[in-house]
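# Structural overview
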Amino acid sequence: MRDESVGPSRTWAALAGATLGGAAAVAYAAVCPAAQVWGRGFYRGGAAGRELALTFDDGPSNETPAFLDLLARYDIRGTFFVCGRNVERRPETARRVLAAGHEVGNHTDSHPLLLRLPPWRVRREVETAQRILEDRLGVRPALFRAPYGVHAPGLRAALELEELTAVRWTVIGNDWRWPAPAIARRVLRGASPGGVICLHDGRETFPSADRQNTLAALETILPILLAEGYRFVTASEMRETLVKAL
Ligand SMILES: [Zn+2]
């Protein structure tokens, strides 16, 4: 199931305005970027500067090295939300991500839809990924992104236990299903100061992924945003701009 389209939308905002009772409240809070009921999190930075955070989910994959090469050409540091079992499969690639100066975050172990799991399994997904990243990479991530952007009961406690902050996004490229021009158009239209861009360098926990559309879109997106005066920061750096703004 690939339902990352259930990201921030006016529909959910309208739903929240209409009623916050029962299932509607749970559904709203599960996907609304501003909802804090699932614990500490943010979806954008302060808007004072022209900063953007470029984030990639579902890696590391066979395509990740191509993303590293491309980002190096533009001297851009990004944030990679990796799955524990993808790191187990490609620890060397994950280490290359860190060695290139990028940040790594927790994207669960097996990339499940958390809303379908009981709280104890939600917690295990978060903890397992955290332990794998510590063991294989020697880092303890501070940031987390939920698969499909969907939060769930049990996640708040799991994030608090692991001292993780959830990161959502202001624009998602729909790059698992769209061709490069459509991805580029969407990201360029959605980019704004303090924005968090979500793209993918893998595909869930599949052994291999085809991310050529995402790579081609980035070749269009990056020079345009740089020419517009945007500066790319990691999600942690973006969080700092938010703290300062408050
Ligand atoms: Zn994902």
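Residues numbered from 1 in each chain as written. Predicted model: local features only at pLDDT ≥ 70, side-chain atom pairs only at ≥ 80, totals over all residues. Heavy atoms only, no water.

### Quick look at helix α8 (residues 180–190)
Those residues of α8 not exposed but buried are A180, A182, I183, A184 and V187. Taken together, the buried residues of α8 touch β7 (171–172), β8 (195–200) and α9 (212–227). (Buried < 20%, exposed > 50% of the residue type's maximum accessible area, 1.4 Å probe, protein only. Helix = DSSP H or I, 4+ residues; strand = E, 2+ residues; numbered from the N terminus. Contact = heavy atoms within 4.5 Å.)

### Quick word on the packing of helix α3 (residues 64–73) against α9
Where α3 meets α9, the axes come as close as 11 Å, and the angle between the chain directions of the two elements is 10°. By the angle class used here, α3 and α9 are roughly parallel. For the pair α3 and α9, contact is made by A66, F67, L70, L71 and R73 and by T214, L215, L218, E219 and L222, respectively. Residue classes in the contact of α3 with α9 are distributed as seven nonpolar, one polar and two charged. (Axes fitted to C-alpha atoms, helices over the stretch in contact; angles between N-to-C directions. Parallel < 35°, antiparallel > 145°, perpendicular 65-115°, else oblique. Nonpolar A, V, L, I, M, F, W, Y, C, P; charged D, E, K, R; others polar.)

### Focus: the packing of aromatic side chains
The full count for this structure, using the stated rule, is two aromatic pairs. For the ring pair F56 and F67, a centre distance of 5.4 Å and an interplane angle of 70° mean the geometry is edge-to-face. Of this pair, F56 sits in strand β2 (residues 51–59) while F67 is found in helix α3, placing the two residues eleven residues apart along the sequence. In this structure F56 comes out as buried when scored by relative accessible area, which is 0%. Given the relative accessible area of 1%, F67 is considered buried. Three or more aromatic residues joined by ring pairs form one cluster here, namely F56, F67 and F80. One cation-aromatic arrangement involves R50 over Y230; the distance from NZ or CZ to the ring centre is 4.2 Å. (Phe/Tyr/Trp six-rings, centres within 6.5 Å; stacked < 30°, edge-to-face > 60°. Lys NZ or Arg CZ within 6 Å of the ring centre and 35° of its normal.)

### Things to note about the coordination of the zinc ion
Those donors, D58 (OD), H107 (NE2) and H111 (NE2), are the protein atoms that reach the zinc ion, and they lie 2.0 to 2.1 Å from it. In terms of primary sequence, the donors binding the zinc ion are separated according to D-x48-H-x3-H. By relative accessible area, H107 is classed as buried at 0%. (Donors = N, O, S within 2.8 Å, 3.2 Å for Na, K, Ca; no water.)

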